[in-house]
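Spelled out, the chains give:
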Amino acid sequence: MSKMPMIFAGHGSPMNAIEDNRYTREWREMAKKIPRPESIVSISAHWYTEGTKIMNEENPKTVYDMYGFPEELYKISYNVPGNPGLAGSVKDMISKQSVYDNTWGIDHGTWSVLTHMYPQRDIPVFQISIDAFAPPQVHYQIGRELKSLRDQGVLLFGTGNIVHNLRMLDWGMEDDGFKWAYSFDDYIKTNIENRNHDNILHYMSQGEAAKLAVPAPDHFNPILYLLGASDEEDKITVYNNSCMLGSLSMTSYLFESF
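The sections below set out a description of the structure shown in this document. What you are looking at is a predicted structure, and each value in this text was computed from that prediction instead of being measured. (Residues numbered from 1 in each chain as written. Predicted model: local features only at pLDDT ≥ 70, side-chain atom pairs only at ≥ 80, totals over all residues. Heavy atoms only, no water.)

## As for the overall build of the chain
For the chain, the count of helices and strands is 9 helices and 10 strands. For the chain, the C-alpha radius of gyration of 17 Å lies close to 18 Å, the compact-globule estimate for 258 residues. The principal-axis extents of the C-alpha atoms in the chain amount to approximately 45 × 45 × 35 Å. Sorting the 258 residues of the chain into buried and exposed places 60% on the buried side. In the chain, 81% of the contacts between residues at least 6 apart in sequence involve partners at least 24 apart. Of the roughly 10600 Å² of accessible surface on the chain, a fraction of 49% belongs to carbon and sulfur atoms. Taken as two groups, the 22 positive and 33 negative side-chain charges of the chain have centres that lie 2 Å from each other. (Helix = DSSP H or I, 4+ residues; strand = E, 2+ residues; numbered from the N terminus. Rg over C-alpha atoms; globule rule 2.2 N^0.38 Å. Buried < 20%, exposed > 50% of the residue type's maximum accessible area, 1.4 Å probe, protein only. Contact = heavy atoms within 4.5 Å. Areas by Shrake-Rupley, 256 points an atom, 1.4 Å probe, with all protein chains shown as cover. Lys, Arg positive; Asp, Glu negative; His and termini not counted. Charge placed at Lys NZ, Arg CZ, Asp CG, Glu CD.)

## A closer look at the pattern of salt bridges
Note on pairing: side chains with opposite charge can pair once their charged atoms come close. One pass over the full model with this rule turns up 12 salt bridges. Across the pair Asp131 and Lys96 runs a salt bridge, and its minimum N-O distance is 2.9 Å. One end of the pair, Asp131, is in strand S5 (residues 125-131); the other, Lys96, is in the loop between helix H3 (84-93) and strand S4 (98-100), and 35 residues separate them in sequence. Asp131 gets classed as buried once you look at its relative accessible area, which sits at 8%. Take Lys96: its relative accessible area is 22%, and that puts it in the partly exposed class. (Salt bridge = Lys/Arg side-chain N within 4 Å of Asp/Glu carboxyl O.)

## Points about H3
Of all the positions in H3, only Leu86, Ala87, Gly88 and Val90 are classed as buried. In this structure, the buried side of H3 is in contact with strand S2 (39-49), strand S3 (52-54), S4, S5, helix H5 (136-146) and strand S6 (154-160).

## Some details on the pairing of S2
For S2, the buried fraction is high: 9 of the 11 residues fall into the buried class. Bridge count between S2 and S6: 6 bridges; the pairing is parallel. When the sheet's bridge partners are listed, Ser44 is paired in S6 with Thr159. Two elements, S2 and S5, share 6 bridges in a ladder whose sense is parallel. Following the sheet pairing, Val41 is matched in S5 by Phe126. (Pairing = 2+ DSSP bridges.)

## Here we look at the nonpolar core
The biggest cluster of nonpolar side chains holds 79 residues, and the ones touching the most others in it are Tyr118, Phe184, Phe220 and Ile223. Here Ile223 is in contact with Phe8, Ile162, Ile192, Tyr253 and Phe255, once residues within four sequence places are set aside. (Core = buried A, V, L, I, M, F, W, Y, C linked by side-chain atoms within 4.5 Å.)

## Some details on the packing of H5 against helix H9 (residues 222-229)
Contact geometry for H5 and H9: axes closest at 6 Å, N-to-C directions at 45°. In terms of their interaxial angle, H5 and H9 are classed as oblique. Once H5 is placed against H9, the crossing between them reads as right-handed. Here Pro136, His139, Tyr140, Ile142, Gly143 and Arg144 of H5 lie close against H9, whose contacting residues are Leu224, Tyr225, Leu227, Gly228 and Ala229. Class assignment for the residues of the contact of H5 with H9 results in 7 nonpolar, 3 polar and 1 charged. (Axes fitted to C-alpha atoms, helices over the stretch in contact; angles between N-to-C directions. Parallel < 35°, antiparallel > 145°, perpendicular 65-115°, else oblique. Left-handed = near helix turned anticlockwise from the far one by under 90°. Nonpolar A, V, L, I, M, F, W, Y, C, P; charged D, E, K, R; others polar.)

## Digging into the environment of Asn240
Positionally, Asn240 belongs in the loop between strand S7 (235-239) and strand S8 (243-244). Assessed through its relative accessible area of 7%, Asn240 is described here as buried. In sequence terms Asn240 and Arg25 are 215 residues apart; their C-alpha atoms lie 9.6 Å from each other. Every residue in contact with Asn240, bar those within four places of it in the chain, is listed here: Arg22, Tyr23, Glu26, Trp27, Met250, Thr251 and Ser252.

## Section: the side chain of Ser242
Inspection of the secondary structure assignment puts Ser242 in the loop between S7 and S8. By relative accessible area, which is 9% here, Ser242 ends up buried. For Ser242, the residues in contact, after removing those within four places along its chain, are Arg22, Tyr23, Tyr182, Asp185, Leu248, Ser249, Met250 and Thr251.

## What to know about unusual backbone geometry
If you check the backbone angles, Arg121 has positive phi at about 60° while not being a glycine. Summarising the element assignment, Arg121 is placed in the loop between helix H4 (108-117) and S5. Positive phi is not limited to glycine here, since Arg195 has a value of about 60°. You can see Arg195 is positioned in the loop between helix H6 (179-193) and helix H7 (197-201). On the accessibility criterion, Arg195 (25% relative accessible area) is partly exposed.

## Overview of the pairing of S6
Summarising burial for S6: 7 of the 7 residues are buried, a large majority. The side-chain alternation of S6 yields two buried faces, one formed by Val154, Leu156, Gly158 and Gly160 and the other by Leu155, Phe157 and Thr159. Direction of pairing for strand S1 (residues 6-10) relative to S6: parallel, over a ladder of 5 bridges. Each bridged residue has a counterpart across the sheet, and for Ala9 the counterpart in S6 is Thr159.

Here's what the structure looks like:
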């Protein structure tokens, strides 16, 4: 089996789960380009915890971790199987202390995208949490330790947003972003494409733009896992290269090894 690609999805609003728009169409296009995964390991911005936690349930629940949205959204059930055996292997791979935890489930950071990519709901999925107290280098190292999963047909899936500042959303900028949002998004994109991972790990060197784009690292950190698991020969394709509502980046990445 060839090395499995990886995907980082800028997931944006939960409403994308029930909409047919340019973002969701790009996610479907990404799924068409890659082999069908044996399993999916998701690192979602929305499981942000003290320490590193791993789901190992047979049948993880769908988590509705959002409020005030239309009833239709809460009727979605992304009732995929889990993969306890693979979760055990993942736990063994991660040198950082980790624990099993099934108090969470498949959250909207994951299912709002995968419901478009894999609507059949027949591919096993489980999540690894993001340790809120770990520095960027730790998230990157976990990605390095999980790299061999790509040789086993496992899709490493990161879901968040490179730029994510909900306090500065501007509803009058439906399909546009602030200059600082584009500046930071472009900085990360350039360094991903040029494989300058050290610049990304030290993203706060970008000063005010970084502080505005990443007021908290929950939505940014998922990309670090994929960069850690990437190879020099990976082809990197950018999807949804845009900002919206002023302070939200939808930019997504597909890493493919040929």
